[in-house]
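Descriptive analysis of the structure
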Amino acid sequence: MTAATSTPDIAAIVRQVLAEIAASGAGRPAAAPPAPHAAGSFAGAHGVFSSVDEAVRAATEAFEQLERLGVEGRRRAIAHIRRIAIDDAEELGRMEFAETKIGRLDHKIGKLKVLGEKVPGVEFMQSEVFSGDHGLAVIEHAPFGVIGAITPVTHSLPTIACNAINMIAGGNTVVVNPHPSGRKVAAEGVRRFNAAIHRDLGIDNLVSLVAEPSLESAGQLFNHRGVKLICVTGGPAVARAALQSSKRAIVAGPGNPPVVVDETADLDNAARSIIAGAAYDNNLLCIGEKQVFVVAAVFDRMMAAMERAGALRLSGSQVEALTRRALVMTGEGEHRHLVPCKDFIGQDAAVLAQAAEAACGAGVELLFGETDNANPFVPVEQMMPFVPFVRCQDVDEAIRLAHESEHGFRHTAIIHSTDVRTMTRMGRLLDTTLFVKNGPSVAGLGLGGEGYLSFSIATPTGEGVTTPLTFTRQRRCTLVDDLRILGSPAAVRS
Ligand code: NAD
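This structure is a prediction, so every number in the text was calculated from the model and none was measured.

Looking now at the site of the ligand. Taken together, 27 residues form the shell around the ligand, and within it Thr151, Val153, Gly253, Glu381 and Ile457 come nearest. Between the ligand and Gly255 there is a distance of 3.3 Å, counted from an oxygen atom to a backbone nitrogen or oxygen. In this structure, an oxygen atom belonging to the ligand sits 2.6 Å away from a side-chain N or O atom of Glu381. Protein burial of the ligand: of its 840 Å² of free accessible surface, 85% is covered by the chains.

Now the structure itself:
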């Protein structure tokens, strides 16, 4: 080896070592302050922006950088989001609970921890191939670019993290307009995700957000030219706004999941399941059990099973007192309707018991009581740990009332029965995205049941439990007559 050739080799080795040190993050303080914005770049902002326009421009820049890193880059970025969601779950869960003041601390923490293994990532990005006499066609799943996301207060950071994992796995970047009441934890989570990804991959702002979100900033995000797709997770108003938007929207709208219990059900299992689902995070989940229709033949035994399983039964007058306080009128004229009162949304069973003038022991997670079908707790998505139980003459009536109470959202329904035909009848009539049999609603998201999890269940637009593929475009690449290795060697074109 001559001196003339060895010099550039040493330089190359030094460059490589320096690049490896930089990539590993070694030698830097663990919590290095963000670098100042480089000229023409948003690096150092770690995803937190004061305007929609800045956030979209930063996410566009991040998208172009992500494209250059390929699938392995996406995998590494997602691994940081998963790791932080798990490692910092306790701290971030506490922050979310303190800021939103709804739900249960243990479940705020739990919802971050499940992001580790239950939410699908790049392994979902399988291509399809058609191979035949005329060669080969490959269908690949390409990113849209920058996605605009609207997220709810019920799970502020978990929805953002889950959306980010799905969307980045699909090769996209995302700008979030978080719910104003969960904006601080949203910003802190996003800042942590981006700081780690930036340190490892040199890309910042894969997940960006508007620090002071409002309805106005949501509108700006919907209409921004740089946003190629919208993903909305929330209640009726925002779902309607997204469906009316000129852009393609994936809409994870409201639910009001009914439960049917027939005479063939395992009542103790039904009771345990209803408590597990409806008490989860104080019934904030869109899939959580909201009203129960039980056939008369087992109604009294079902109520006893609920008490045995630890729920507190309210008397008729206690249900009345709670109804008066916990549901309130809103809107004008023909739009006047009942909604849950903010003071009770996501509060503990003990708070509701006090409003119902009932004594509530420690450890009670759920209140329940008999109501008729006209009680407002039946049609209203209450998002609090009280569930009305309606006595039905038979299973046909139970299924019919369950159908009415779901309002055609086609979100989630649950049945406890061992009669396959009854299950089938209910499944067909309600036509919901999730239909859970003989388990808690959360089993429909793979928690105690099979399958994967997402905090965005796209209902009116039909994508279902979102995955990375939800956020991709199909592209087909066709090669005529070649590359197929089956067939006669003589048939190969020279
Ligand atoms: P929400 O509708 O009050 O708010 C959701 C988001 O939409 C927030 O960021 C809010 O600021 C924004 N928003 C509200 N009205 C808007 C409008 N007109 N234009 C633009 N943005 C608007 O809901 P929430 O209380 O945060 O969450 C609970 C609701 O979300 C429930 O109805 C629940 O069923 C639903 N939800 C659905 C899913 C699902 O996967 N389908 C998941 C979680 C929650």
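On we go from here.
A separate point is the packing of helix 2 (residues 52-87) against helix 5 (residues 156-169). Helix 5 packs onto helix 2 with a crossing angle of 155 degrees between their chain directions and a minimal axis gap of 9 Å. Compared by their axis directions, helix 2 and helix 5 come out roughly antiparallel. The handedness of the crossing between helix 2 and helix 5 is left-handed. Each of Leu66, Arg74, Ala77, Ile78, Ile81 and Arg82 in helix 2 lies in contact with helix 5, whose residues at this interface are Ala161, Ala164, Ile165, Ile168 and Ala169. When the residues that make up the contact of helix 2 with helix 5 are grouped by side-chain class, the tally is 9 nonpolar, no polar and 2 charged.

So, about the nonpolar core. Core analysis: the largest hydrophobic core is formed by 57 residues, its most contacted members being Ile81, Leu115, Ile168, Leu206, Val207 and Ile287. Here the element with the most residues in this core is helix 5; it accounts for 9 residues. Each of domain 1 (10-29 + 38-253 + 460-476) and domain 2 (258-445) accounts for three or more of the residues forming this core. Setting aside residues up to four positions removed in sequence, Leu115 forms contacts with Arg82, Ala85, Pro158, Ala161, Cys162, Ile165 and Phe455. Judged by nonpolar contacts, the second largest core, of 42 residues, contains Ala265, Ala270, Phe299 and Phe368.

Moving on: the pattern of salt bridges. All told, the structure shown has 23 salt bridges when counted by the stated rule. Of the charged contacts in the structure, one is a salt bridge between Arg183 and Glu212, with a shortest N-O distance of 3.1 Å. Note that Arg183 is positioned in helix 6 (residues 183-201) and Glu212 in the loop between strand 6 (207-210) and helix 7 (215-223), a separation of 29 residues in sequence. One continuous salt-bridge network, built from bridges that share partners, spans Asp88, Glu91, Glu188, Arg191 and Arg192.

Turning our eyes to something else, we now look at the sheet that holds strand 15 (residues 386-392). Overall, parallel pairing links the 7 strands, which are arranged 11-14-15-10-9-16-17 in an open sheet. The sheet terminates laterally at strand 11 (312-313) and strand 17 (434-437), the two strands that pair on one side only. Both strand 10 (residues 291-295) and strand 15 contribute to a ladder of 4 bridges, which runs parallel. Bridge pairing in strand 15 links Phe293 to Val390. Along the sheet face, helix 9 (residues 267-278) touches strand 9 (258-261), strand 10, strand 15 and strand 16 (412-416) and points at about 155 degrees away from the line of strand 16. In this fold helix 11 (residues 316-326) packs onto strand 11, strand 14 (367-371) and strand 15, with an angle of close to 105 degrees to the strand it touches most, strand 14.

Positive phi, close to 60 degrees, is recorded for Asp431, a residue that is not glycine. Within the secondary structure, Asp431 sits in the loop between helix 14 (420-430) and strand 17. The partly exposed category is assigned to Asp431, whose relative accessible area is 41%. Phi is positive for Asp481, which is not a glycine, with a value near 70 degrees. Mapped onto the secondary structure, Asp481 falls in the segment after strand 20 (472-480).

Conventions adopted
- Sequence order sets the numbering: in each chain, residues are counted from 1 along the sequence as written.
- Only residues with pLDDT of at least 70 get local features here, since the model is predicted, and only at 80 or more are side-chain atom pairs given and counted; chain-wide, interface and lining totals rely on the full set of residues.
- To obtain the side-chain values, all non-hydrogen atoms of the structure were included, while hydrogens and water were left out.
- By convention in this text, a residue qualifies as near a molecule or strand provided that one of its non-hydrogen atoms is within 4 Å of it.
- Think of a polar contact as two N or O atoms within 3.5 Å of one another; within protein, one of them needs to be a possible hydrogen donor and the other a possible acceptor, and neighboring residues in sequence only count if both atoms come from side chains.
- Only the protein chains shown count as cover for residues, and all accessible areas are computed by the Shrake-Rupley method using a 1.4 Å probe.
- Only the stretch in contact is used when a helix axis is fitted, and all axes are lines through C-alpha atoms; the angle between N-to-C directions ranges over 0 to 180 degrees.
- Only DSSP runs of H or I covering at least 4 residues are called helices, and only runs of E covering at least 2 are called strands; the numbering of each starts at the N terminus.
- Here the word oblique covers every angle except those under 35 degrees (roughly parallel), over 145 (roughly antiparallel) and from 65 to 115 (roughly perpendicular).
- Handedness of a crossing is defined here by the sense of rotation of the near helix relative to the far one, left-handed for an anticlockwise turn of less than a right angle and right-handed for a clockwise turn.
- Contact criterion: two residues are considered in contact whenever any of their non-hydrogen atoms come within 4.5 Å of each other.
- Gly falls in the polar group here, along with every residue not listed as nonpolar (Ala, Val, Leu, Ile, Met, Phe, Trp, Tyr, Cys, Pro) or charged (Asp, Glu, Lys, Arg).
- Buried Ala, Val, Leu, Ile, Met, Phe, Trp, Tyr and Cys residues form a nonpolar core when they are joined through side-chain atoms within 4.5 Å.
- Only protein chains enter the area calculation, which uses a 1.4 Å probe; residues under 20% of their type maximum are buried, those over 50% are exposed, and those in between are partly exposed.
- Here the bounds of each domain stem from an automatic or database domain assignment.
- Salt bridge, as used here, is a side-chain nitrogen of Lys or Arg placed within 4 Å of a carboxyl oxygen of Asp or Glu.
- One requirement defines pairing of two strands: DSSP has to find at least two bridges between them.

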